[in-house]
Amino acid sequence: MLLSIRVILGAILTFSLGASAAQAADWLALQGTEPAGSQVRAKLWGFVQPEFQATDGTALAAGPFAGQPASFNQIPPELEDHSTFLIRRARVGLRGNLLPQNSQINYFLLLEAARMASPMERGAHQAYGCEHDVQLPAGRADSLGQFKYPGAEEGLMAIQSYDYINFSNATNILLQERFFDSDGSISSLDENAPNGPVGAFRDIGAQVFDAYAFGNWEHSYALMLGNGNGILRGDDNSAKDVYLYWASERVFAGKGPRRQGWKLLAWHQQGERTLASGATQTVADFDRARWGVGTTLRKDKYRAAAEYIWPMA
């Protein structure tokens, strides 16, 4: 057969040092602010996700590369084998208040030491800053730095609270962005390989967000401007990516990332990508836009989620 069933065994081991407190339940506030009135100066936390993946390694059956290994049957990020043990994620973070007597100015630092979640180019090994930002008291909440941009539920939620091991195919293919130098048409030798880590649903920029409770409903919004050029590097064109987000949730019970509720959400993101094209290697900007609407439900032992994603460009 051409397509294989991938066997994935994984676990997430977490640790947390310092005071623990229930935070706001929406993902924007949960990952972007500290609890109101908190005096915690520094809280150390993190997790490690060891994993084993395997496929039958079926080769391509037809075409000019017939007989060669199919990349979708090889294990990323190297794509060199169809069976391997790996450390998918290994993160350590520090968060808290810059001033212990003032909970309005927060910080969030996160270091990634593994290669799976945000893989560098093949052969590169290094630890890097996955998130580093400061939340300022202007308005309700503002963030400056590198952090998760507001968008689809799978990309925005905390991975250690994720219900499954892998992202869905739609999220991974349509939203998990890879960055390239060209569109693959320059020559037959242009392998069109990524020029750095995947976007990991993060960007460098500034964000304004807030949440309001009305009875049993909680409404949240976010507006962000970002570079749109991935993590660990600056912008490569004069355009900025725009991110818009709205969610309304009927809260049933509980607090934190596992609270029970029914959420309705909508989001939109749009920007430009700079790529070289053709034999003359002409550099041009291309539109990239995505939007989606979705819903999630978590009540007692039941959970469900559905999201419609449209890649406009």
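Bear in mind that the values here come from a model prediction, so they are computed numbers and not experimental data.

About the thresholds
- Residues numbered from 1 in each chain as written.
- Predicted model: local features only at pLDDT ≥ 70, side-chain atom pairs only at ≥ 80, totals over all residues.
- Heavy atoms only, no water.
- Helix = DSSP H or I, 4+ residues; strand = E, 2+ residues; numbered from the N terminus.
- Contact = heavy atoms within 4.5 Å.
- Areas by Shrake-Rupley, 256 points an atom, 1.4 Å probe, with all protein chains shown as cover.
- Salt bridge = Lys/Arg side-chain N within 4 Å of Asp/Glu carboxyl O.
- Buried < 20%, exposed > 50% of the residue type's maximum accessible area, 1.4 Å probe, protein only.
- Phe/Tyr/Trp six-rings, centres within 6.5 Å; stacked < 30°, edge-to-face > 60°.
- Core = buried A, V, L, I, M, F, W, Y, C linked by side-chain atoms within 4.5 Å.

S.K.: Could you give me a rundown of the overall build of the protein, with the residues and numbers involved?
M.R.: Check the secondary structure of the protein and you find three helices and 13 strands. Sequence-distant contacts, at least 24 apart, represent 60% of the contacts inside the protein between residues at least 6 apart. When the accessible surface of the protein is summed, it comes to about 15,900 Å², and 60% of that surface belongs to carbon and sulfur atoms.

S.K.: Quick one: what's the story with the pattern of salt bridges, residue by residue and with numbers?
M.R.: Across all of its chains, the model carries nine salt bridges by this definition. A salt bridge links Lys 263 to Glu 153, with the nearest nitrogen and oxygen atoms 3.4 Å apart. Taken together, the residues span a long stretch of sequence, with Lys 263 in strand S11 (residues 260-277) and Glu 153 in helix H2 (residues 153-156) at a distance of 110 residues. Salt-bridge contacts for Arg 273 lead to Glu 177; the nearest nitrogen and oxygen are separated by 2.5 Å. With Arg 273 in strand S11 and Glu 177 in the loop between helix H3 (169-175) and strand S8 (202-214), this pair connects stretches of sequence that are 96 residues apart. Here Arg 273 falls in the buried class, since its relative accessible area comes to 12%. For Glu 177, a relative accessible area of 12% gives the class buried. A network of salt bridges, in which partner residues are shared, links Glu 177, Asp 241, Arg 273 and Arg 288.

S.K.: Requested: an account of unusual backbone geometry, with residues and values cited.
M.R.: Residue Ala 200 is not a glycine yet carries a positive backbone phi of 55°. By relative accessible area, which is 5% here, Ala 200 ends up buried. Of note in this structure, Asp 300 is not a glycine but carries a positive phi near 55°. Along the chain, Asp 300 turns up in the loop between strand S12 (282-299) and strand S13 (302-311). Here Asp 300 falls in the exposed class, since its relative accessible area comes to 57%.

S.K.: Which residues make up the packing of aromatic side chains, and what values do they have?
M.R.: Applying the stated criterion across every chain, the model contains 10 aromatic pairs. With a centroid separation of 4.7 Å and 45° between ring planes, the pair formed by Phe 52 and Phe 85 is classed as tilted. Linking Phe 52 in strand S3 (residues 43-54) with Phe 85 in strand S4 (residues 83-99), this pair joins segments that are 33 residues apart in sequence. Taken together, the aromatic side chains of Tyr 162, Tyr 164, Phe 167 and Phe 201 make up a single cluster linked through ring pairs.

S.K.: Quick one: what's the story with the nonpolar core, residue by residue and with numbers?
M.R.: Ranked by internal contacts, the top residues of the largest apolar core, which has 27 residues, are Trp 27, Leu 28, Leu 175, Tyr 245 and Trp 267. At the level of secondary structure, the elements contributing two or more residues to this core comprise helix H1 (27-32), S3, strand S5 (102-112), strand S9 (217-226), strand S10 (241-253) and S11. The contact partners of Trp 267, leaving out residues within four places of it in the chain, are Gly 151, Ala 152, Leu 175, Leu 244, Tyr 245, Arg 290, Trp 291, Gly 292, Glu 307 and Ile 309.

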